[in-house]
Each structure stands twice: as C-alpha cells, then as structure tokens.
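A look at the structure
Below, each chain spelled out in residue letters.
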Amino acid sequence: MELVIKDLHANIGDKEILKGVNLTVTPGTIHAIMGPNGSGKSTLSNTIMGHPSYTVTGGEVWYKGQNVLELPVDERAKLGLFLAFQYPVSIPGVTVANFLRAAVNAHRAVAGKDPRETAIPMAQYRKEIREKMAALGVDDGFARRYLNDGFSGGEKKRVEILQMSMLKPSMAIMDETDSGLDIDALKVVSQGVNTLLTQNPEMGVLVITHYQRLLNYIKPNRVSVMMEGRIVREGGPELALELEERGYDFIREEVFGNAN
Amino acid sequence: MLTKLPVIAALTAQDILVEGEPTWLQQWRQAAWQHVNESAPPLWRRTDLTAYALADMEFTPTASESQRGSAVPDGVVVMPLSQAVHAHGDLVKAHLGSAVAFNASKYAALNAATWRDGWFVYVPKNHEASVPLHLLQGFGSGNTLVARNLVVLERGAQLSLIEQYAGDGGPFAVVASELILGDGATLQYTSMQTWGATVHHMGHQVAKVGNDATIVWTAVNTGAAHQHIDAETYLGGNGSRVNWTAATVAGDGQRLLTAPWLRHVGRATEAHMDFKTVVKGSGYATFDGMIKIEGGSADTITRLEEHALHLSPQARSDSIPGLKIDTNNVQKAGHASTSGEVDDEQLFYMQARGIPKSDAVHMIVMGFFESVLDRIPLDTLREQVTADIAARI
C-alpha cells in the first residue's frame, strides 16, 4: 500500500515548519528525501509518526485506508509504520530484550484475545533476536543492556535496525540514520536494511538524509528535495548525485529566485 | 479474657521497665522515658504528628511473636534483642544506643524506653555469612509495635541482611535499627517498609561505619498510610563507604517521608546516594536529605541523586536536599535532582514501536526502579516486591 501525504502542515509551538507537504511513497520503493538543515525533514518523519511536540494544522497522511493522523502512535506502528529515530532515547532499567519482546507482542496482539495466547513463544523469540543481532554484528550481551543507555552513536543505530528487522514494518521511515555513523557502521546498517528489503520486497522505505553518502549504500528509486517545509523537486537517483555535486543552492535559486 | 491495654501517654516510669533486665538497661530506659516526657515535639514540618499521638498508642508489656523469613546463616547469632540482653549482655551493653541515641527525637526516646520486640544480630570477626538473613516483623497484640534491631558486625565480617516490616494491624509502628560495622566489615542492608495501607510507621535507622567498612543500603518503602523515617549513615571510619539507594511508591492516601543523612566524619570517605520516588493518585512523598561533611573529615567524595516521577496531577513530591560542609578539604561533592512526569520522548519512542501508552508508562516506571529492586538479594522477595509495585502502577 502507498503512503500518501497530502498538503501536510505542522507547527512546533507557533512556528510553522511543514507548509504543505505532498508526497507519495509506493511499496517496494526506496524514496529518499534530501534537504538542507532546517528544511523540515525530521519534522515530517516525526509528524507522520505522531510526536507530541508537533501540531498538525492541516492535511492528511493516508496509509492502508486510514488517515494515520487520527490514530494513536502505537496504532500507527501496528499498521506497519516504523520510524528509525535520528536520536533514539535511552530507557534506563528496560533491557533491549524486554523492550523488543514487548514491541513484538504488541504487534501480535489481537483485540479481544488474551495477550498470553498471541505472545511470541520465548524460545522462538530468543532464536530470532539472536540471529538478527548476529547479522547486524551486535554482541549477544546487548540484549541484556538497558535500551540505548550509554550506547555509542553506532550502537544506537544498529539497535534501531535490529528493531526494524524484528518488527518487519511495511513502511519504514529512516530519519538521518547516517548521522553519527562511521563508514563501517554505515555499511553494516545499510546491509541490514538491504537484507530486510530482500526479505520483504513490498516494504516501502522513506530515507531522510542530508547527505548523498548513505544513498551509496541504500540506493533510492526516487529522490525528493525538501526546502522550507515543502517538497520542491522530485526525480530519480540522479538527482541525489546532482545535489552532491552542486549543493542545494542551485535548487534554492530555481525555486525561490535570486532575491537573497 | 480481654484486658484493656493502657495508652503510652498514661504510663509511669515503673510501667515501662522489664522485670529481670540489668540495671544499666533499666536506667537507660528510665532516662529515655524522661526524654519522652520532657522533650518538645520534633520540628518536622512535613510530618503530621497527630498521626503519631502518644495518647492513641497502646502499650503492650510483652513481646509479640518474633518472626524470621529465612534460616539463620551459619556462624551468625540471631535472637530476639530481649534475650540477647541476657545471653550477650556485654555486647548489647556496648552497642545499644550507640547509633540511635535515645535523645535523637521524642520517638527515638519512646522506642528506647518501651521496646519489647526486635532482633539482635551478631557476626563474629572475619566471618562471612553465606546466605542472606531475612528478618520479618509484623504486629502483635495491641495497636502499637515498638521494635528495636541491633546489628553488630565485627572487624572483617560480612552479612546480607533484609529487615522487613510487613502485614496489617497496628496502626502504630515505632521502630529503630542500629547497625554497627567494625573495621573492614561489609553489610548489604535491605530495609523494607511494606506494611498494609493503614499503618503509621515511625522509624529511626543509623549505620555506623568503621575504617574501610562498606554498607550497601537498599531501602524499599511502599506500604503504610504515614511514614516518617530518620536515617543516617555515619561514615566515621577512614575509608568507609556507603552506596545507598531507595525506591518509594506513594499512592492514594499515602504520606511517606524519608530523611536520609550522609555524615562524613573520617578521612577519604565515599558516599553514593540515589533515591527514586514514584507518586500516584493523592500520594505525597518527601525526600528531606542532607549531606553533612564534618570538620575533621578530609578527601570526601559524596554524591546525592534524587529522582521523582509523578503519575498523576494531584500527586505530590517534595525534595529538600541539603549540603553542609565544615571543612576545606573535599575531593568531590555533587548533587542531582529531577522531578516530573514520565518523559514524553520515552513514551513516544515506545509507542512508536507499537507498545500502548499504559504499558509504556508501566515499563518506564519499573525500569526507573530496576536498579534499586535488582539489589534485593532474595529472588522470591524481589519478585514479590516487583509484582506488588507493578500492580500498583
């Protein structure tokens, strides 16, 4: 199913950040959103997921026949949306293993059924998380550590991808996943995403990034450019390369003119 | 046959004595009793003293059935304090009142004068107790429990002790704990107030820590309607250390206060304090803590952290941390305090993974307490307390 964003407006406090975003992400495609700092990229991902600091002042986001803006955050996740956070928060006292099990079980829960019936069997869960951690080069001991507590930047991002591969979303939004990653970590993380794509070819991925670098490893089918709260340009993968070469200014000039 | 028990306020100096006790102890009780009668009420602004009126407390002249939650570790002396007065008279005489002085407050005096219940625990020199000792104290007859625990670890001794107040009844509990750690001794002390919901708990606890001795103090306070606990770690020995954590849950109708003092006296003493509080419904919790770095101390390292989570708008927590330094020679002194609702960013993160909000709050709160509850040494007890807290959130 497509993710369709229609004329989305959102504020932080009184400040309008999204000024009418229109975007469609089709299943089975990797869709990159590029843009300079402050263009509203992260606001877009957080607004789709329902972050409480952002107020939607207009527009719709349709997925699987529902306007997700009307759903509680956890229902959006259960619909198949996944946000890989730019800055994953730490939750002291809650281990990676317990957190992920709660998340997996929340996805498996069925209204009106005893959650113990729908929960993933412990042995199966252990096997799965161990396999996925190994694939991402995450040490076994990680499962027992408190979620993101004292994790390095690279560890946090790996654990984001670990969660993604355990929850198997149908539409993943990756918010600046490359920020704070060295090249080795970037390769591991990208490989994790690509593996997931091979296993779930119908998954849609919205990759939000400032730089072209990540797109060398996660190759987009579509590229949209965001500036000043709007999508101002769309194209194929070649657009990302052009941006890498020429920077954002030439688009700025084309869109907003030479006034400044 | 039911005899009406007299209230404590109506007792005479003769009534409080126990037949057959040694003269020194009788004199001590009498001196304490005098303090009960002559001292002014404590100036505790956040404790409702009408909940601890001596005119409401019944006097039970005999000890209640003493209980233990575990076997006695090999080589450790564990017996009711009332028996130890005779069986280990010299030890009791040497230490009784040395940590919790009867003039610490009117209620410390009340405890000293009228105690019947409580335990004596003695670990001989260099002895390492192999298993945790669990002392469990409930109410006996009468509406008032007056219990006193005296715990003595000789040089190099090691013990894990759980002291738990639990059950319904009372409602008045006036208790005191004295913990004496000899040089190089290590005490893992788990202090649990898990009374039923109607109890009025008044406690005094003091640990005196010898040279290079260590106390790992874990407090869990979840029960009672009223709680006032004056607690102190007296780092008297050079190189003495304390690692002190606490988990407090104050729900509807509960008023729980803890006043923990860290007193640095020796050279190169080190303290880490991390208290965690959750208030819910109409619950009210107070942290009235103090770090006191005394004049003769040197090279002190001390840190106090205190964090409170509010799960409802009516719930209240007061935090009054203090730091008094009477020396120019402090290596490190720090303090951190937070208070507020469950973090929105954490909630959003968990909900974004499909976890419903109520479950997310639950996990965050239990995670908040994890580092404290994780230190309860007995698996069954830890699981029970964890489940009790989880059920209340």
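Source: prediction; values computed, not measured. (Residues numbered from 1 in each chain as written. Chains lettered and ligands numbered in written order. Predicted model: local features only at pLDDT ≥ 70, side-chain atom pairs only at ≥ 80, totals over all residues.)

Now for the overall build of chain B. Scanning chain B for helices and strands turns up 7 helices and 20 strands. In terms of overall dimensions, chain B is globule-like: its C-alpha atoms have a radius of gyration of 21 Å, near the 21 Å expected for 393 residues. Dimensions of chain B, computed from C-alpha atoms along their principal axes, come out at roughly 70 × 55 × 40 Å. Among the 393 residues that make up chain B, the fraction classed as buried is 51%. A fraction of 85% describes how many contacts in chain B between residues 6 or more apart in sequence connect residues 24 or more apart. (Helix = DSSP H or I, 4+ residues; strand = E, 2+ residues; numbered from the N terminus. Rg over C-alpha atoms; globule rule 2.2 N^0.38 Å. Buried ≥ 20, exposed ≤ 12 C-beta atoms within 10 Å, placed from the backbone. Contact = placed C-beta atoms within 7 Å.)

Further remarks concern the nonpolar core. Proteins that are soluble and globular tend to have nonpolar side chains buried together. With 185 residues, the main nonpolar core has B:L153, B:L181 and B:A207 as its most contacted residues. In contact with B:A207, not counting residues within four places along its chain, are B:A99, B:L179, B:L181, B:Y189, B:I215, B:W217, B:T233 and B:Y234. (Core = buried A, V, L, I, M, F, W, Y, C linked by C-beta atoms within 7 Å.)

Attention now goes to the environment of B:S191. Residues and elements named next belong to chain B. Examined against the element boundaries, S191 turns out to sit in strand β8 (residues 186-195). Judged by C-beta crowding, with 23 C-beta atoms within 10 Å, S191 ranks as buried. Leaving out residues up to four positions away in the same chain, S191 has contacts with E163, Q205, W217 and A219.

Right, let's get into the domain arrangement of chain A. Residue and element names in this part refer to chain A. Looking at the assigned domains, one finds that chain A contains domain 1 (3-86 + 170-256) and domain 2 (89-150). The C-alpha centroid of domain 2 is placed 26 Å from the C-alpha centroid of domain 1. At the junction of the two partners, domain 1 supplies 5 residues and domain 2 supplies 5 residues. In terms of residue count, helix α7 (residues 183-199) provides more of the side of domain 1 that touches domain 2 than any other element does, 3 residues in total. Its residues placed into classes, the side of domain 1 that touches domain 2 shows 1 nonpolar, 2 polar and 2 charged. (Domains from an automatic or database assignment. Nonpolar A, V, L, I, M, F, W, Y, C, P; charged D, E, K, R; others polar.)

A few words on the domain arrangement of chain B. All names here are of chain B. Here chain B is partitioned into domain 1 (8-342) and domain 2 (343-393). Between the C-alpha centres of domain 1 and domain 2 there is a distance of 27 Å. At the level of secondary structure, the elements contributing two or more residues to the side of domain 1 that touches domain 2 comprise β6 (158-167), β8, β10 (214-221), β12 (241-250) and β14 (270-279).

The next thing to look at is the interface of chain B and chain A. Every contact between the two is made by 21 residues of chain B and, on the other side, 21 residues of chain A. Residue assignment for the side of chain B that touches chain A shows that the elements contributing at least two residues are α5 (344-351) and α6 (357-373) of chain B. A total of 10 residues in the side of chain B that touches chain A trace back to one element, the largest contributor, which is α6(B). In terms of residue class, the side of chain B that touches chain A is made up of 10 nonpolar, 5 polar and 6 charged.

Quick look at the sheet that holds β10(B) now. Residues and elements named next belong to chain B. Overall, mixed pairing links the 9 strands, which are arranged β1-β4-β6-β8-β10-β12-β14-β17-β20 in an open sheet. The sheet is open, and its two borders are formed by β1 (67-68) and β20 (330-341), each paired with just one other strand. Bridge count between strand β4 (residues 133-137) and β6: 5 bridges; the pairing is parallel. By the bridge assignment for β6, L135 is matched with E163. (Pairing = 2+ DSSP bridges.)

Below, the discussion takes up the sheet that holds strand β12 (residues 230-235) of chain A. Strand pairing within a sheet occurs via backbone hydrogen bonds; the two strands may be parallel or antiparallel. Residues and elements named next belong to chain A. Spatial strand order, β6-β9-β10-β3-β11-β12: 6 strands in an open sheet with mixed pairing. Each having just a single partner strand, β6 (81-84) and β12 make up the two edges of the open sheet. Taking each pair of neighbouring strands and ignoring which way they run, the sheet shows an average axis angle of 20°. Here β6 runs beside strand β9 (residues 171-175); their pairing, made up of 4 bridges, is parallel. For L83, the partnering residue across the bridge sits in β9 and is I173. In the packing of helix α9 (residues 249-256) onto the sheet, contacts are made with β11 (222-227) and β12, and the angle to β11 comes to roughly 70°. (Axes fitted to C-alpha atoms, helices over the stretch in contact; angles between N-to-C directions.)

Moving on: the packing of α5(B) against α6(B). Residues and elements named next belong to chain B. Running from N to C, α5 and α6 cross one another at 125°; their axes reach a closest spacing of 9 Å. On the basis of their axis angle, the class for α5 and α6 is oblique. Remark: the crossing between α5 and α6 carries right-handed chirality. Every residue of α6 that contacts α5 at Q346, L347, M350 and Q351 is listed here: K357, A360, V361, M363 and I364. Its residues assigned to classes, the contact of α5 with α6 comprises 6 nonpolar, 2 polar and 1 charged. (Parallel < 35°, antiparallel > 145°, perpendicular 65-115°, else oblique. Left-handed = near helix turned anticlockwise from the far one by under 90°.)

So, on to unusual backbone geometry. The omega torsion across B:G170 and B:P171 is 25°, close enough to zero to call that bond cis. Residue position: B:P171 is located in the loop between β6 and β7 (172-181). Phi is positive for A:N148, close to 60°, though the residue is something other than glycine. Here A:N148 lies in the loop between β8 (146-147) and α6 (153-167). Here the phi dihedral of B:D299 falls at roughly 55°; this positive angle occurs in a residue that is not glycine. Within the fold, B:D299 resides in the loop between β16 (290-293) and β17 (300-310). B:D299 sits in the partly exposed class, given 17 other C-beta atoms within 10 Å.

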